[in-house]
Amino acid sequence: MNIEPKKKWYGTVEIPGDKSITHRAILFNAIATGSARITNALLGEDCLSSIGCMRALGAEIEREGSTIFIRGSQSLKDAECYCGNSGTTMRLLMGLLCGQGVCARLTGDPSLSQRPMERVASPLRELGADIETTDGKAPVTIRRAHLTGTKVDTRVPSAQVKSALILAALGAEGETIVSEQLKTRDHTERMLQAMGARLCVEGNSVVVRKSSLRCVDVDVPADISSAAYFMALGALLGETVCKNVGVNPTRTGILKAFDRMNIQYFLENARTVCGEPVADIRVKKSEIRAAEFTREIMPSLIDELPILAVLCAYAEGESVISGAEELKVKESDRILSTVEMLRNMGAAATATEDGFRIVGKPSLCGGDVQSYKDHRIAMSAAIGLLASERGGRIADAECVDISFPGFYSLLKQTS
Ligand code: S3P
């Protein structure tokens, strides 16, 4: 994909639905009683993987445009589930299937098959799960076992690990307490409560009792992680309004980052939709300043770090991002892929053990970049190149379909 440079970018954009919420709406409704309608669902490849797996397990799921209709099944059948590139599908299914007493084998594409799965399997065994990984990775085999509630800690700050444990706990005898050191996104807790689960949140712990779920309709807000690319465009080149964006406080680290970097933004039309806070986000061209970001903020902007790095490359001064070693186990090693992508477009970036250092410049020359077949690297590169002097070419650019189908056409939509 060739990206031509632009001097200005102004636009109001409808960003596709939230990936995390769409996955959860599919997976949870598929094991609940009744039927549900999910509107504004994201139909990127990752969420299609969740649909494919739940169909293989016996749920009835139909699609019409961006609406998904689900009839839940309380007795899933044993199956082989192909999770594609989707870490969320595989990790959440690991917990869900252990809790539902289903035998399954979970597989993924070459990238997913390199990502760590013991971080989920090992705490699940503390509940009594019979689950096996292949040298810590996929394929993952799950056999039926009786689960008993206990106190478990997530050893890494991961909403996927926390969610897997909560889902398993729905099928465990007694009470399970899932604790995390840093609070991660809480869409699982919110949706399960709306579905009638016996679950309460106490600080950084979630207390869960054996529960059955009833289906709920979900109207999915736009994904702030996808909106972030267009928010960055506004900050660099003019003004952007992203409509109906989910602004759950466990996801808005990027707005805190904007505060620190002197990027002007406004939340308009704030409201609550299906238990999730939503607003329109307006971002205006700003004199961007460098900033430091440390471990505590990471869970709330983990997926936005590549695009934040692009903004740092155009900021005045040196930015330092630390405590972000989780980036190493995403769809690519995002410490290395982010730094390489920035360097190829003329930025001064260095990888560190747990993040990166970036010395900003008023303008970047542009150039050809690798996406490492990682959707977030490809989209961050597109924004960096669009704001650069010469633009450039992105290799394997179509990987954006994982989370943002239509990304490149929306990029061309400017008034
Ligand atoms: C997700 C959680 C995050 C995020 C991923 C989606 C989720 O991963 O990076 O894109 O839906 O729970 P971790 O929880 O592993 O950090």
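Provided above is the structure to which this section pertains.
Residues numbered from 1 in each chain as written. Predicted model: local features only at pLDDT ≥ 70, side-chain atom pairs only at ≥ 80, totals over all residues. Heavy atoms only, no water.

Caption draft 1: Molecular detail of helix α7 (residues 224-237). For α7, which comprises 14 residues, the first-to-last C-alpha distance of 19 Å matches the rise-based estimate of 20 Å (1.5 Å per residue) to within 8%. Taking burial as the measure, the 14 residues of α7 include 14 buried ones, the bulk of the element. (Helix = DSSP H or I, 4+ residues; strand = E, 2+ residues; numbered from the N terminus. Expected span 1.5 Å × (residues − 1). Buried < 20%, exposed > 50% of the residue type's maximum accessible area, 1.4 Å probe, protein only.)

Caption draft 2: Structural detail: the pattern of salt bridges. In total, this model carries 29 salt bridges according to the counting rule given. With its nearest N and O atoms 2.8 Å apart, the salt bridge here joins E189 to K162. One end of the pair, E189, is in helix α6 (residues 187-194); the other, K162, is in helix α5 (residues 159-169), with 27 residues separating them in the sequence. Side by side, E189 and K162 carry an identical accessibility label, which is buried. Residues E175 and R209 are paired through a salt bridge, measuring 3.5 Å at the closest nitrogen-oxygen approach. Here the residue E175 occupies a position in strand β11 (residues 175-179), and R209 occupies one in strand β13 (residues 205-209), the gap between them amounting to 34 residues. (Salt bridge = Lys/Arg side-chain N within 4 Å of Asp/Glu carboxyl O.)

Caption draft 3: Main features of the packing of helix α3 (residues 87-100) against α5. The contact between α3 and α5 brings their axes to 6 Å, and the two run at 20°. Regarding the angle of α3 to α5, the classification is roughly parallel. The hand of the α3/α5 crossing is right-handed. Residues G87, T88, R91, L92, G95, L96 and G99 of α3 lie in contact with α5, whose contacting residues are Q160, S163, A164, L167 and A168. (Axes fitted to C-alpha atoms, helices over the stretch in contact; angles between N-to-C directions. Parallel < 35°, antiparallel > 145°, perpendicular 65-115°, else oblique. Left-handed = near helix turned anticlockwise from the far one by under 90°. Contact = heavy atoms within 4.5 Å.)

Caption draft 4: Structural context of the layout of surface pockets. What the largest pocket holds in volume is close to 630 Å³. Surrounding the largest pocket, 39 residues form its lining, P157, S158, A159, E326 and K330 being those nearest its centre. With four residues, the top contributor of residues to the lining of the largest pocket is helix α1 (residues 19-29). Volume-wise, the second largest pocket comes out at about 400 Å³. What lines the second largest pocket is a set of 18 residues, and nearest its centre among them are L236, K285, Y314, P362 and S363. Classifying every residue of the lining of the second largest pocket gives eight nonpolar, three polar and seven charged. (1 Å grid on protein atoms, 1.4 Å probe; cavity = no way out; pocket = protein on both sides within 12 Å on 5 of 7 lines; lining within 4 Å. Points joined across faces, edges and corners; volume = space filled by probe spheres on them. Nonpolar A, V, L, I, M, F, W, Y, C, P; charged D, E, K, R; others polar.)

Caption draft 5: Inspection of the environment of A387 at higher detail. If you trace the backbone, A387 turns up in the loop between α11 (375-386) and β22 (392-393). Accessibility expressed as a relative area gives 16% for A387, which makes it buried. Expressed as a C-alpha distance, the spacing of A387 and S363, which sit 24 residues apart in the sequence, is 8.0 Å. Those residues in contact with A387 that lie beyond four places of it in its chain are K6, L236, L237 and Y314.

Caption draft 6: Seen up close, the sheet that holds strand β12 (residues 199-202). The strand order across the open sheet formed by four strands is β10-β11-β13-β12, and the pairing between neighbours is mixed. Strands at the two margins of the open sheet, each flanked by one partner only, are β10 (151-153) and β12. Neighbouring strand axes in the sheet, compared pairwise and without regard to direction, differ in orientation by 20° on average. Where β10 lies against β11, three bridges are found, and the strand directions are parallel. Along β11, the bridge assignment pairs K151 with I177. (Pairing = 2+ DSSP bridges.)

Caption draft 7: Representation of the packing of aromatic side chains. Counting across every chain of the model gives seven aromatic pairs. Ring centres of W9 and F230 lie 5.7 Å apart, and the angle between their planes is 55°; this geometry places the pair in the tilted category. With W9 in strand β2 (residues 9-14) and F230 in helix α7, this pair connects stretches of sequence that are 221 residues apart. Accessibility classification places W9 together with F230 in one group, the buried group. (Phe/Tyr/Trp six-rings, centres within 6.5 Å; stacked < 30°, edge-to-face > 60°.)

Caption draft 8: Structural detail: the side chain of E331. Looking at where E331 falls in the secondary structure, it is placed in the loop between β19 (318-321) and α10 (334-344). In terms of polar contacts, E331 uses its side chain to reach the side chain of H375, at 2.9 Å. The contacts of E331, once residues within four sequence positions are left out, are N85, S111, R115, D374 and H375. (Polar contact = N/O pair within 3.5 Å; in protein donor to acceptor, adjacent residues only side chain to side chain.)

Caption draft 9: Up close: the site of the ligand. Neighbouring residues of the ligand: K19, S20, R24, T88, P157, S158, A159, Q160, R185, I302, D303 and K330. Interatomic distance of 2.7 Å between a side-chain N/O atom of S20 and an oxygen atom of the ligand. A distance of 3.0 Å separates an oxygen atom of the ligand from a polar backbone atom of Q160. Protein coverage of the free-state accessible area of the ligand, which is 380 Å², stands at 95%. Of all the cavities here, the one that holds the ligand is the largest pocket. Elements that contribute at least two residues to the shell around the ligand include exactly α1 and α5. Residues belonging to the shell around the ligand are distributed by class as follows: three nonpolar, four polar and five charged. (Near = heavy atom within 4 Å. Areas by Shrake-Rupley, 256 points an atom, 1.4 Å probe, with all protein chains shown as cover. Sits in = over half its atoms within 2 Å of the grid points.)

Caption draft 10: Region of interest: the nonpolar core. Grouped together as the largest cluster of nonpolar side chains are 77 residues, with contacts concentrated most on F230, M261, L308, I394, F407, Y408 and L411. Considering each element in turn, this core owes the most residues, 11 residues, to α7. Formed by 71 residues, the second largest nonpolar core is a distinct cluster that contains I70, A79, M94 and I166. (Core = buried A, V, L, I, M, F, W, Y, C linked by side-chain atoms within 4.5 Å.)

Caption draft 11: Spotlight on the pairing of strand β7 (residues 104-107). In the sheet, strand β6 (residues 79-82) pairs with β7 via four bridges, with the strands oriented parallel. Its bridge partner being in β7, A79 is matched across the sheet by A104. Remark: the β6/α3/β7 crossover connection has right-handed handedness. Looking at chain direction, β7 and strand β9 (residues 137-143) are connected through three bridges and run antiparallel. The residue of β9 that forms the bridge with A104 is I142. (Right-handed = clockwise from strand over helix to strand, strands pointing away.)

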